[in-house]
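Here is what each chain is made of, one letter per residue.
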Protein chains: 2
Amino acid sequence: MGFQVTVDLVVLTIRSARQTARGSLHVLLVRRGIPPYQGRWALPGGFVLDHEDLPEAAERELAEETGVDGAARHLEQLATYGAPRRDPRGRVVTVAYLALLPDLPSPVAGTDAAAAAWHDVAALPRLAFDHARILADGVERARAKLEYTPLATAFCPPEFTVAGVREVYEAVWGRPLDPRNFHRKVTSTPGFVEPVGQRTGGSRGRPAELYRRGDAVTLYPPLLRPASS
Amino acid sequence: MGFQVTVDLVVLTIRSARQTARGSLHVLLVRRGIPPYQGRWALPGGFVLDHEDLPEAAERELAEETGVDGAARHLEQLATYGAPRRDPRGRVVTVAYLALLPDLPSPVAGTDAAAAAWHDVAALPRLAFDHARILADGVERARAKLEYTPLATAFCPPEFTVAGVREVYEAVWGRPLDPRNFHRKVTSTPGFVEPVGQRTGGSRGRPAELYRRGDAVTLYPPLLRPASS
DNA sequence: ACAAAAGTGTTAATATTACACCCATGA
DNA sequence: TCATGGGTGTAATATTAACACTTTTGT
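An account of the accompanying structure is given in this report. This one's a predicted model, so the numbers in the text were calculated from it and none came from an experiment. (Residues numbered from 1 in each chain as written. Chains lettered and ligands numbered in written order. Predicted model: local features only at pLDDT ≥ 70, side-chain atom pairs only at ≥ 80, totals over all residues. Heavy atoms only, no water.)

1. Some remarks on the pattern of salt bridges
All names here are of chain A. All told, the structure shown has 32 salt bridges over all chains when counted by the stated rule. Across the pair R166 and E170 runs a salt bridge whose closest N-O atoms are separated by 3.7 Å. Of this pair, R166 and E170 both sit in helix α3 (residues 162-173), four residues apart, which is roughly one turn of the helix. Judged by relative accessible area, R166 falls into the buried class, the value being 16%. Look at E170 and you get buried, because its relative accessible area is 14%. (Salt bridge = Lys/Arg side-chain N within 4 Å of Asp/Glu carboxyl O. Helix = DSSP H or I, 4+ residues; strand = E, 2+ residues; numbered from the N terminus. Buried < 20%, exposed > 50% of the residue type's maximum accessible area, 1.4 Å probe, protein only.)

2. Some remarks on the relation of the copies chain B and chain A
Superposition record for chain B on chain A: RMSD 0.0 Å, screw rotation 180°, translation along axis 0.0 Å. Read as a symmetry element, the transformation amounts to a two-fold axis. Taken as a fraction of all interface residues of chain B, those also at the interface in chain A reach 100%, which identifies the copy contact as same-surface. (Least-squares fit on C-alpha atoms with pLDDT ≥ 70 in both. Contact = heavy atoms within 4.5 Å.)

3. Quick look at the interface of chain B and chain A
On the side of chain A, 29 residues touch chain B, which itself brings 29 residues to the contact. Contact between chain B and chain A buries roughly 2,200 Å² in total, counting both sides, with carbon and sulfur atoms accounting for 59%. For the interface between chain B and chain A, the tally reads zero salt bridges. Inspection of the chain B/chain A interface yields 12 residue pairs in polar contact (both at pLDDT 80 or more). When contributions to the side of chain B that touches chain A are tallied by element, the ones reaching two or more residues are β1 (4-16), β5 (74-81) and β6 (92-100) of chain B. Tallying contributions element by element places β5 of chain B first for the side of chain B that touches chain A, with four residues. Split into classes, the residues belonging to the side of chain B that touches chain A amount to 18 nonpolar, six polar and five charged. (Buried area = accessible area lost by both parts, 1.4 Å probe. Polar contact = N/O pair within 3.5 Å; in protein donor to acceptor, adjacent residues only side chain to side chain. Nonpolar A, V, L, I, M, F, W, Y, C, P; charged D, E, K, R; others polar.)

4. Some thoughts on the pairing of strand β2 (residues 23-31) of chain A
All names here are of chain A. For β2, a buried count of eight out of nine residues is recorded, marking the element as mostly surrounded by other parts of the structure. Where strand β1 (residues 4-16) and β2 come together, five bridges link them in antiparallel fashion. From the neighbouring strand, R15 faces β2, where its bridge partner is S24. Across five bridges, β2 lies against strand β7 (residues 116-120) in antiparallel orientation. Residue H26 lies in a different strand from β7, and its bridge partner there is D120. (Pairing = 2+ DSSP bridges.)

5. A few points about the packing of α3 of chain A against helix α4 (residues 179-188) of chain A
All names here are of chain A. Taken N-terminus to C-terminus, the directions of α3 and α4 make an angle of 105°; their axes are 10 Å apart at the nearest point. On the basis of their axis angle, the class for α3 and α4 is roughly perpendicular. Between α3, through V162, V165, R166 and Y169, and α4, the contact on the second element is made entirely by P179, F182, H183, V186 and T187. Along the lines of polarity and charge, the residues of the contact of α3 with α4 split into six nonpolar, two polar and one charged. (Axes fitted to C-alpha atoms, helices over the stretch in contact; angles between N-to-C directions. Parallel < 35°, antiparallel > 145°, perpendicular 65-115°, else oblique.)

6. Brief notes about the protein's contact with DNA strand C
Residues in contact with DNA strand C amount to 21 residues; listed here are only the nearest, R180 and N181 of chain A together with R180, R184 and E209 of chain B. Close to the protein, within 4 Å, the atoms of DNA strand C are drawn from sugar and phosphate at a rate of 52%. Residue R184 of chain B places a side-chain N or O atom 2.8 Å away from a base oxygen belonging to DNA strand C. Top element by residues in the surface near DNA strand C is α4 of chain A. It accounts for four residues. Split into classes, the residues belonging to the surface near DNA strand C amount to five nonpolar, five polar and 11 charged. (Near = heavy atom within 4 Å.)

7. Some details on unusual backbone geometry
With omega at -5°, the peptide bond leading from P35 of chain A into P36 of chain A counts as cis. A cis geometry characterises the amide bond from Y220 of chain B onward to P221 of chain B, with omega recorded as 0°. Take P221 of chain B: it is sitting in the segment after β9 (209-213). The residue Y37 of chain A is not glycine, and still its phi comes out positive at about 60°. Residue position: Y37 of chain A is located in the loop between β2 and β3 (41-42). For F129 of chain B, which is not a glycine, the phi torsion comes out positive at approximately 50°. One can find F129 of chain B in the loop between β7 (116-120) and α2 (131-148).

8. Overview of the side chain of R73 of chain B
All names here are of chain B. Looking at where R73 falls in the secondary structure, it is placed in the loop between α1 (54-66) and β5. A relative accessible area of 14% places R73 in the buried class. Among the polar contacts made by the side chain of R73, one reaches the side chain of E59 at a distance of 2.5 Å. Every residue in contact with R73, bar those within four places of it in the chain, is listed here: E59, L62, V68, L100 and L101.

Spatial relationships are all this shows, so hold off on functional conclusions.
Set out below in structure tokens:
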């Protein structure tokens, strides 16, 4: 009966790793200022308010933590966690959401974001509560959905190159893909991307064609990760 | 703060439709004996107890409603629904689970199952609360997971034929599949099924080889439904 | 023998993979 | 001109799709 309900966010983005030129998958974490788990890193989140639906609460938390406007990101429910002792303060059930964002030009600038930071998912600190598990589930969901949905574009800005999409796949799957075949696959799968009719400039090499997200919800045929090998 | 938390079950099975020989997808519904929505059909479910984890509560409800033992079925979390006015009695958040069962030889024989019945998902009555939405999400989840997991075998008894698996796919996807190609696909995908070394008998036509579930968690390559057409 | 269901063979179309090679730019 | 990515061509392989045909049973 007397449950508390929270939403927790697994906010993922692709950021250039410290030394390498390649991007890698990062997650937004906040440092807890109060017990329990004081000082530990945790997923951002908070209580669901009395009048709020679950997606509303997730949107609100996401806006509070990142300041991104509603259109420029993907947000979906991930799973719900409610083990009796997952929070020492009482019976708290948390509904986790997965958010995918482009690499923000301005760093995280939310209200209580003083202690918020991006962490490479390959080098995580210890997390509070059962957040390590939730995060692992979120990463696995992202990996799986790249196969059969055009979700990779949610990590990209409104206009992007095929190489940008490839960088997303390589960062999330953690393995290199053939640029030539990837290009063909992305441009030939119906509804994945739409050409803008412009090209990039300024960088080295041949300028790349710019694309926008297409209207497909699923990729057919899918873009399968190579067998585990 | 003061939330109530329930679990609701989308219990699916394949049953022979009234007149046709082919099986079709059915869902377990219970008729509500008390307000709200008295007399309406609803998904089985109930409150999560103080000491219970979410999967435990789902297992308990499933056992209460169907009496199936733990091993012979698939049970996974589906999604969580918590709109402020989804239950007129107060703020109730429900964690929905999806269960897949073989067609039970003995009909539903649970404790409070006097008013429980299987319904063809193609001919549903009006449902209580937001259960129509939850059920639709469950059916869609099942449809999608048949593509890239060996979950179809969860609808089959411990030993089954390839034709039995095909009947599952045809019922869930609602379209016929080529028996010859399907047979090859199922028997050649690693870990999907294991031959038992016995054959069926008694029916018409050539006896079919019997199989058990394999140990694969995902199908590679997947078994994609034909493009929407 | 015949109908019915199981299962194999074969071929064409489609998709994936590997990699040679050309294109367009900055330095 | 060279280095650097962007992008196309092409051939080998793998997978899917369509369907003829054989196998093994009950009647």
